[in-house]
Number of protein chains: 2
Amino acid sequence: MNPSDPKLKSFVPVTRDSHFPIQNLPYGVFTTPANFTPRVGVAIGELVLDLSVLEQAGLLEPVPGERVFNRPTLNAFMERGPEVWRRARETISELLRAENARLRDDAALRGRAFTSQAAAKMLLPISIPGYTDFYSSKEHATNVGSMFRDPAHALLPNWLYVPIAYNGRASSVVVSGTHVLRPNGQKKKPDAAQPVFGPSERLDFELETAFVVGVGNALGEPVSVDRASSHVFGMVLLNDWSARDLQQWEYIPLGPFNSKTFATSISPWVVTMDALEPFRVEGPAQHPPPLPYLATTGPQAYDIHLEAALAIPGKRATTIARTNFRHLYWSIAQQLAHHTASGCNTRVGDLMASGTISGPTPDSCGSLLEITKNGRTPLAIGGVERSFLEDDDELILTGWAQAKDYRVGFGEVRGKIVAARSHA
Amino acid sequence: MNPSDPKLKSFVPVTRDSHFPIQNLPYGVFTTPANFTPRVGVAIGELVLDLSVLEQAGLLEPVPGERVFNRPTLNAFMERGPEVWRRARETISELLRAENARLRDDAALRGRAFTSQAAAKMLLPISIPGYTDFYSSKEHATNVGSMFRDPAHALLPNWLYVPIAYNGRASSVVVSGTHVLRPNGQKKKPDAAQPVFGPSERLDFELETAFVVGVGNALGEPVSVDRASSHVFGMVLLNDWSARDLQQWEYIPLGPFNSKTFATSISPWVVTMDALEPFRVEGPAQHPPPLPYLATTGPQAYDIHLEAALAIPGKRATTIARTNFRHLYWSIAQQLAHHTASGCNTRVGDLMASGTISGPTPDSCGSLLEITKNGRTPLAIGGVERSFLEDDDELILTGWAQAKDYRVGFGEVRGKIVAARSHA
């Protein structure tokens, strides 16, 4: 049976609004209080299924004769390619089904193989050799262009032809839950004669997703838009933390640098493209038509609901943005084809983010820069105003694809702001 | 005796214009026709000294009880830090001295330990987790600003305060000798209605150096400008190949991407900062004074002569640019301090390039963009005109620090252009 079949049920309890039904099976890396060795698991309901235990028990062997799940990252598994991904997904799905007694009725094995997510510590799931951030939301590019450049020509002439991207900093990609230190940096008020160095006063989030390259390509051998799907393993939620004051002072002419390099947070669970396949939908119409190397046929977007919530100390978390991955103008296949069109090679674990995903309505903006119009219209949350993030604020991104009876979700990516390091 | 002492001589013959006297001892990774296992060596005269052989023979043990030179990269050695670097340099220097009989008179060991450079195949010497490209030559930034933006305000307001940099693509850094495939990409003529996709017609080089991080820093723990030298292992030559037509169309607002990601070439030999120390000189005066986190005392530049030569098929290589590392406005210490000031972490093997190094005179420009004024004043080489690089052209960078009786050099970084991949 197809592991995405809506009729499948697991013997593990899964509520209707859980992100992790048997149709999902996202991969992550975890430790437990009883076992500090990082290994690969999948989320199911409120549990983690330890794949290294299944491998050791001889129940899961997607790569014949080799172990790929007793590792500190997903890379060894991902680099084996789509056939191995599918074989693993089918076996894991089979083992979790309500009607399959093998794992269900083996109390000793179950005891070793399952941990509650509450008890598991999730680690960064991938080793990331390269991090690229696209800029693929037309609404976001238009909003930012209106504020920082010319409202009459908000979208730059290249934007409708080029899936614009820049290289990000891979070293500072961290997993959900990692505190985010407010960065110091150079900032200059418009009327000031010169910049000063100190804590960012315009610390922002960016609601993004990212895809993870499973199979790379060699230098000089581009991935065509039609072949992209065989290279892409899955997706995560991503918060591209941004210090707007640092960014505005530094970004011309070579793009953002210190304003972004201090931290980028991702969700601990990597949702596979196979699990997202049932949610494939048409993306925005593309006019002018893409150049031939970016031309695709058939639906290229995914219907993934996305939210950002802000938790101010002493207040309940408040949802401040609701948007959808389907609004993205450039598709994953177009992004990867463009990235490699120059001959650029990619490697297993490369992380390629969407750019801020803003929707067509004011409440669908994926950054405070846009929501508060660069601070001019602050948010009011329980009687407290927020233009940008304050110390001890926590920002939570979440997202899921909704089926009739269940959700295929990403869980959360959380990050709490801590006060800047003294620079005296 | 100090390994940089000018009076030192090796029993290995070294000519006066060799880049590799005993005062240098740069590290590289190589294989030989007889042994395909990559291992670490140092260059001396026209030979490579195999450090894995010295380690095995018990003559070299900078990390007590461990081997660090029988590896495919320098990373395991570099991450041990400055004390280990100095101990290794002293031992290797000692073993190569004319008056030391240990290696000199052991014919069997010499036979195993030495290979001619002509017979060695040099590999990429470092595993590079992150590649950053600065933009630290005031002359280059001014030249480019004049051509692409406004000659009256060529230098942007932030440039004299911020050591501007962007994240480069680490995956496509290749070692000298690797052919460079002309990239395809989007380009748009000023009078064209829309862009076209095809081979770059304005393929350029950029003459740069780069420093290599030996000891990284943790996220949230910046490296102060005073402590930078304990993190920096050495330097290489770097050619930041650039497709100017792709660059001009794509770079606003997030910086260069596909125009640079197709290849970046480095020299196979990493010259240590210890070997360059005797060539430390004052850099350019800095006005306005740098902000306190970038303030340094004492000389911060190095007197390193740099050249670019162009070899057109059927012609002899012609030197087309002569410049010097000492012209760089921002120092290595300032670059690293700025890079980490936001809290950004660095890792062993991180490569941080200078940006194109142009000097104050017309013949000291480090790119064809500047030399030919974006193609308006082509070079004439043996009766052939060149505005940008043609297929089968080879570009060769070289550089050395000149002492009275010897040179501490980088060797070369070469790259030959091969025709673009068909994109039909």
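### Some thoughts on the overall build of chain A
Move 1: Tallying secondary structure elements over chain A gives 11 helices and 26 strands in all.
Move 2: Across the 424 residues of chain A, 61% fall into the buried class.
Move 3: Pairs at least 24 residues apart make up 71% of the contacts formed inside chain A by residues separated by at least 6 positions.
Move 4: Split by element, the accessible area of chain A, about 15,600 Å² in all, is 52% carbon and sulfur.
Move 5: Positive and negative side-chain charges in chain A, numbering 41 and 43 respectively, have mean positions lying 2 Å apart.

### Observations concerning the domain arrangement of chain A
Residue and element names in this part refer to chain A.
Move 1: If you check the domain split of chain A, you get domain 1 (27-123) and domain 2 (131-418).
Move 2: Between the C-alpha centres of domain 1 and domain 2 the distance comes to 30 Å.
Move 3: Contacts between domain 1 and domain 2 engage 18 residues on the former and 17 residues on the latter.
Move 4: Summed over both sides, the interface of domain 1 with domain 2 buries roughly 1,400 Å², with 71% coming from carbon and sulfur.
Move 5: Looking only at domain 1, the three residues that lose the most surface to domain 2 are Tyr-27, Met-78 and Trp-85, adding up to 39% of its buried area.

### As for the relation of the copies chain A and chain B
Move 1: In screw terms, the move from chain A to chain B is a rotation of 180 degrees and a rise of 0.0 Å along the axis, fitting with an RMSD of 0.0 Å. Taken together, these values place the two copies in the relation of a two-fold axis. Rotation axis and chain A: the residue whose C-alpha lies nearest the axis is Gly255(A), separated from it by 2.3 Å.

### Comments concerning unusual backbone geometry
Move 1: The omega torsion of the bond from Ile252(A) to Pro253(A) falls at 10 degrees, within 30 degrees of zero and hence cis.
Move 2: Considering the arrangement of structural elements, one finds Pro253(A) in the loop between helix H7 (244-250) and helix H8 (258-261).
Move 3: Of note, the phi angle at Leu25(B) is positive, near 60 degrees, even though the residue is not glycine.
Move 4: For Leu25(B), the location among the structural elements is in the segment before strand E1 (27-32).
Move 5: Positive phi outside glycine occurs at Lys373(B), with the angle close to 50 degrees.

### Quick look at the sheet that holds strand E3 (residues 47-50) of chain A
All names here are of chain A.
Move 1: The strand order across the open sheet formed by 5 strands is E4-E3-E2-E1-E5, and the pairing between neighbours is antiparallel. A single partner strand is all that each edge strand has here, and the edge strands are strand E4 (114-116) and strand E5 (121-123). Strand-to-strand twist in this sheet, taken as the mean axis angle between neighbours without regard to direction, amounts to 45 degrees.
Move 2: Across 5 bridges, strand E1 (residues 27-32) lies against strand E2 (residues 35-44) in antiparallel orientation. Paired with Gly-28 across the two strands is Gly-41, which belongs to E2.
Move 3: The sheet strands contacting helix H3 (residues 82-96) are E1, E2, E3 and E4, and the helix crosses E1 at an angle near 60 degrees.

### Points about the interface of chain A and chain B
Move 1: If you look at the interface, chain A gives 60 residues, while chain B gives 60 residues.
Move 2: Where chain A meets chain B, there are 2 salt bridges.
Move 3: A salt bridge links Asp350(B) to Arg169(A); its shortest N-O distance comes to 2.6 Å.
Move 4: Summed over the shared surface of chain A and chain B, the number is 21 residue pairs in polar contact (both at pLDDT 80 or more).
Move 5: Looking at the side of chain A that touches chain B, the elements that each hand over two or more residues are strand E7 (165-167), strand E10 (184-187), strand E11 (196-199), H7, H8 and helix H10 (332-341) of chain A.

### As for the pairing of strand E3 (residues 47-50) of chain B
All names here are of chain B.
Move 1: Across 4 bridges, strand E2 (residues 35-44) lies against E3 in antiparallel orientation. Within E3, the residue paired with Val-42 across the bridge is Leu-49.
Move 2: Counted along the chain from E2 to the antiparallel partner E3, the turn is 2 residues long, and its residue Gly-45 has a positive phi close to 55 degrees.
Move 3: By the bridge criterion, 3 bridges tie E3 to strand E4 (residues 114-116) in an arrangement that is antiparallel. When the bridges of E4 are listed, Val-48 appears paired with Thr-115.

### A few points about the sheet that holds strand E21 (residues 318-324) of chain B
Move 1: If you walk across this open sheet you meet the 5 strands as E9-E26-E25-E20-E21 (chain B), and the pairing is mixed. In this open sheet, the two strands that pair with only one neighbour each are strand E9 (180-181) and E21 of chain B.

### As for the side chain of Arg169(A)
Move 1: Of note, Arg169(A) is situated in the loop between E7 and strand E8 (173-175).
Move 2: A polar contact of 3.0 Å, which involves the side chain of Arg169(A), links it to the backbone oxygen of Asn345(B).
Move 3: Dropping the residues within four chain positions of it, Arg169(A) is found in contact with Tyr131(A), Thr261(A), Gly130(B), Thr132(B), Asn167(B), His339(B), Cys344(B), Asn345(B), Thr346(B), Arg347(B) and Asp350(B).

### Remarks on the environment of Arg316(B)
Move 1: Mapped onto the secondary structure, Arg316(B) falls in the loop between strand E20 (305-311) and E21.
Move 2: Along the backbone, Arg316(B) and Ile381(B) are 65 residues apart, and their C-alpha atoms lie at a distance of 9.3 Å.

### Describing helix H6 (residues 138-148) of chain A
Residues and elements named next belong to chain A.
Move 1: Burial in H6 covers these residues: His-140, Ala-141, Val-144, Gly-145 and Phe-148. Buried residues in H6, looked at end-on, bunch into an arc of 125 degrees, giving them a common side.
Move 2: Contacts made by the buried residues of H6 are with H7 and helix H11 (368-371).

### Section: the packing of aromatic side chains
Move 1: As enumerated under the stated definition, the model contains 28 aromatic pairs over all chains in all.
Move 2: Geometrically, the ring pair formed by Tyr161(A) and Trp249(B) is tilted, given 6.1 Å between the ring centres and 50 degrees between the ring planes. One end of the pair, Tyr161(A), is in the loop between H6 and E7; the other, Trp249(B), is in helix H7 (residues 244-250), on a second chain.
Move 3: Given the relative accessible area of 13%, Tyr161(A) is considered buried.
Move 4: Ring geometry for Trp159(B) and Trp330(B): centres 6.5 Å apart, planes at 50 degrees, overall tilted. Here Trp330(B) lies in the loop between E21 and helix H9 (332-341) and Trp159(B) lies in the loop between helix H6 (138-148) and strand E7 (165-167), a separation of 171 residues in the sequence.

### So, the pattern of salt bridges
Residues and elements named next belong to chain B.
Move 1: On inspection of all chains with the given rule, the structure shows 48 salt bridges over all chains.
Move 2: One salt bridge connects Glu-66 with Arg-80, and the closest N-O pair in it is separated by 2.6 Å. Taken together, the residues Glu-66 in the loop between helix H1 (51-56) and helix H2 (75-78) and Arg-80 in the loop between H2 and helix H3 (82-96) connect sequence positions 14 residues apart.
Move 3: Judged by its relative accessible area of 34%, Glu-66 is partly exposed.
Move 4: A relative accessible area of 31% means that Arg-80 is categorised as partly exposed.
Move 5: Between Arg-414 and Glu-394 there is a salt bridge, with the nearest N and O atoms lying 3.2 Å from each other. On the criterion of sequence distance, the pair formed by Arg-414 in strand E26 (residues 407-418) and Glu-394 in strand E25 (residues 394-402) is long-range, its members being 20 residues apart.
Move 6: Looking at Glu-394, the relative accessible area reads 17%, which means it is buried.

### What to know about the environment of Val232(B)
Residue and element names in this part refer to chain B.
Move 1: Of note, Val-232 is situated in strand E14 (residues 232-239).
Move 2: Taking relative accessible area as the criterion, Val-232 reaches 4% and is therefore assigned buried.
Move 3: For Val-232 and Gly-216, which are 16 residues apart along the polypeptide, the C-alpha to C-alpha distance reads 8.9 Å.
Move 4: The residues contacting Val-232, other than those within four sequence positions of it, are Trp-85, Phe-211, Val-212, Gly-214, Met-273, Ile-332 and Leu-336.

### Some remarks on the side chain of Ser18(B)
All names here are of chain B.
Move 1: Residue placement: Ser-18 occurs in the segment before E1.
Move 2: A distance of 3.0 Å separates the side chain of Ser-18 from the backbone nitrogen of Phe-20, its partner in a polar contact.
Move 3: Ignoring anything within four residues of it in the chain, the contact list for Ser-18 reads Gly-45 and Arg-407.

### Some words on H3(A)
All names here are of chain A.
Move 1: Between the first and last C-alpha of H3 there are 21 Å, a value that for 15 residues agrees with the 21 Å anticipated at 1.5 Å per step.
Move 2: Every buried residue of H3 is accounted for by Pro-82, Val-84, Trp-85, Ala-88, Arg-89, Ile-92, Ser-93, Leu-95 and Leu-96. For H3, the angular spread of the buried residues around the axis is 160 degrees, confining them to a single face.

Scoring rules and cut-offs
Residues numbered from 1 in each chain as written. Chains lettered and ligands numbered in written order. Predicted model: local features only at pLDDT ≥ 70, side-chain atom pairs only at ≥ 80, totals over all residues. Heavy atoms only, no water. Helix = DSSP H or I, 4+ residues; strand = E, 2+ residues; numbered from the N terminus. Buried < 20%, exposed > 50% of the residue type's maximum accessible area, 1.4 Å probe, protein only. Contact = heavy atoms within 4.5 Å. Areas by Shrake-Rupley, 256 points an atom, 1.4 Å probe, with all protein chains shown as cover. Lys, Arg positive; Asp, Glu negative; His and termini not counted. Charge placed at Lys NZ, Arg CZ, Asp CG, Glu CD. Domains from an automatic or database assignment. Buried area = accessible area lost by both parts, 1.4 Å probe. Least-squares fit on C-alpha atoms with pLDDT ≥ 70 in both. Pairing = 2+ DSSP bridges. Axes fitted to C-alpha atoms, helices over the stretch in contact; angles between N-to-C directions. Salt bridge = Lys/Arg side-chain N within 4 Å of Asp/Glu carboxyl O. Polar contact = N/O pair within 3.5 Å; in protein donor to acceptor, adjacent residues only side chain to side chain. Arc of directions from axis to C-beta. Phe/Tyr/Trp six-rings, centres within 6.5 Å; stacked < 30°, edge-to-face > 60°. Expected span 1.5 Å × (residues − 1).

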